[in-house]
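The chain contents come next:
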Amino acid sequence: MKAGKTADHRPVRTEDEKCPLSEMGMGAGDRRGPGYTAPDQDPVAEEAPPILDTVKTQADEDTMILQTERLVLRPWRVTDAEACYEYAKDPRVGPVAGWPVHTSVENSRQVIRDVLSAPETYAIVLKESGVPIGSIGLKFHCDLAEKDDEAELGFCLGVPYWGRGLVPEASREMLRHAFEDLGLERVWCAYYDGNEKSKRVQEKLGFRYMWTTPDVPVPLLGETRIGHVNCMTKEEWQANR
Ligand SMILES: CC(C)(COP(=O)(O)OP(=O)(O)OC[C@H]1O[C@@H](n2cnc3c(N)ncnc32)[C@H](O)[C@@H]1OP(=O)(O)O)[C@@H](O)C(=O)NCCC(=O)NCCS
């Protein structure tokens, strides 16, 4: 069924078209981006010869590395499972973004395979340690980012690293990448009511408030929440950079 809009321009989607932040395990969705060809994956490939032991090929990785002053943003690898579990087991990280705490390293490994392997999804790696401490990504073709030239930005970070401006730093590079490299026209960003830290990050990045939805489904947690939606156009990004 084709999506429509309400009078206040809130997108109306059928359940199967929705891709709430929670599906990503980080605040973004698990859908494939335009033109993306998924690497060959064997769902039971635990013993498959792991030449790279990554979910993407080396060629994918080489073209997918972004850098900031303190961070490298690169594709998730299956071998990052312990680092992923380290931050995702903390109940202060996932639930506020709409996804449950990870229950084991194996659970994190599966999330890397199933969710964090999506295109334009990056491990946030601290240069000084080389260890992933969070995740950031652009989600395409979902309830907010309906058009080919739009995406939704999502992120999360391990608690010990909060308050250093690391996600704003990573997000600025993601916005540059979105508008300059990928040629997008609009980037959306959203948060659930009460998530003041995410709200603050979005304010600092220059996102513009669009609307509030009173009953956003949070499927992985079996509840609904109030959701706030922000947006940035390419013109706004250019004017503020
Ligand atoms: C939201 C989040 C990504 C922010 O990342 P960050 O790199 O810490 O961002 P900042 O350093 O800019 O901090 C943002 C705000 O968080 C608050 N904050 C920072 N450190 C904090 C801490 N240790 N305890 C409580 N609040 C803190 C401050 O209000 C800060 O705003 P300020 O810069 O005006 O002081 C991170 O808190 C997080 O991962 N939260 C859980 C997952 C989540 O909410 N994801 C987003 C879903 S929409």
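Residues numbered from 1 in each chain as written. Predicted model: local features only at pLDDT ≥ 70, side-chain atom pairs only at ≥ 80, totals over all residues.

*Asks:* So what's going on with the packing of helix α5 (residues 166-181) against helix α6 (residues 196-205)? Which residues, and what values?
*Replies:* If you want to describe how two helices pack, look at the angle between their axes and the distance between the axes. The N-to-C vectors of α5 and α6 enclose an angle of 45°; their axes lie 10 Å apart at closest approach. Judged on the interaxial angle alone, α6 and α5 are oblique. Relative to α6, the crossing made by α5 is right-handed. Touching Val-167, Pro-168, Ser-171 and Arg-172 of α5 are Val-201, Lys-204 and Leu-205, all from α6. (Axes fitted to C-alpha atoms, helices over the stretch in contact; angles between N-to-C directions. Helix = DSSP H or I, 4+ residues; strand = E, 2+ residues; numbered from the N terminus. Parallel < 35°, antiparallel > 145°, perpendicular 65-115°, else oblique. Left-handed = near helix turned anticlockwise from the far one by under 90°. Contact = placed C-beta atoms within 7 Å.)

*Asks:* Could you give me a rundown of the site of the ligand, with the residues and numbers involved?
*Replies:* Neighbouring residues of the ligand: 21 residues in total, closest Ala-97, Trp-162, Gly-163, Val-167 and Lys-197. When contributions to the shell around the ligand are tallied by element, the ones reaching two or more residues are α3 (94-97), β7 (150-157), α5 and α6. Counting residues per element, the shell around the ligand draws most heavily on α6, at four residues. For the shell around the ligand, a count of residues per class yields 13 nonpolar, five polar and three charged. (Near = placed C-beta within 6 Å. Nonpolar A, V, L, I, M, F, W, Y, C, P; charged D, E, K, R; others polar.)

*Asks:* If you had to explain the packing of helix α2 (residues 81-88) against helix α4 (residues 105-114) to someone new, which residues and values would you point to?
*Replies:* At a minimum axis separation of 8 Å, α2 and α4 run at an interaxial angle of 105°. The orientation of α2 relative to α4 falls into the category roughly perpendicular. Taking contact as the criterion, the partners of Ala-81, Glu-82, Cys-84, Tyr-85 and Ala-88 in α2 are, on α4, Val-105, Ser-108, Arg-109, Val-111 and Ile-112. Tallied by class, the residues present in the contact of α2 with α4 amount to seven nonpolar, one polar and two charged.

*Asks:* Can you explain the pairing of β7? Please cite residues and give values.
*Replies:* In terms of burial, β7 is largely enclosed, as eight of its eight residues are buried. Judged by which residues are buried, β7 turns out to be covered on both faces: Glu-150, Glu-152, Gly-154 and Cys-156 on one side and Ala-151, Leu-153, Phe-155 and Leu-157 on the other are all buried. In terms of strand pairing, strand β6 (residues 132-139) meets β7 through six bridges, oriented antiparallel. Looking at the pairing, Lys-139 lines up with Glu-152 of β7. Sheet topology places β7 next to strand β8 (residues 186-192); four bridges connect them, and they run parallel. Bridging from a neighbouring strand, Leu-153 pairs with Cys-189 of β8. (Buried ≥ 20, exposed ≤ 12 C-beta atoms within 10 Å, placed from the backbone. Pairing = 2+ DSSP bridges.)

*Asks:* Describe the environment of Gly-98, listing the residues and the values that go with them.
*Replies:* Assignment of secondary structure puts Gly-98 in the loop between α3 and α4. For the pair formed by Gly-98 and Thr-224, sequence separation is 126 residues and the distance between their alpha carbons is 9.7 Å.

*Asks:* Now, about α6: what can you tell me, with residues and values included?
*Replies:* The complete set of buried residues in α6 reads Ser-198, Val-201, Gln-202 and Leu-205. Considered in projection along α6, the buried side chains sweep an arc of 95° and stay on one side of the axis. Exposed residues lying more than 90 degrees from the buried face of α6 are Glu-196 and Arg-200. Those residues of α6 that are buried lie in contact with α5, β8 and β10 (223-233). Of the residues flanking the end of α6, it is Gly-206, one or two places downstream, whose phi is positive at about 95°. (Arc of directions from axis to C-beta.)

*Asks:* Give a detailed account of the confidence of the model for the protein chain, specifying residues and quantitative values.
*Replies:* Of all residues in the protein chain, 74% attain a pLDDT of 70 or more, and the chain-wide mean is 83. The model gives residues 1-52 a pLDDT under 50, and that stretch makes 99 contacts with residues more than four places away or in other chains. (pLDDT = per-residue confidence, 0-100.)

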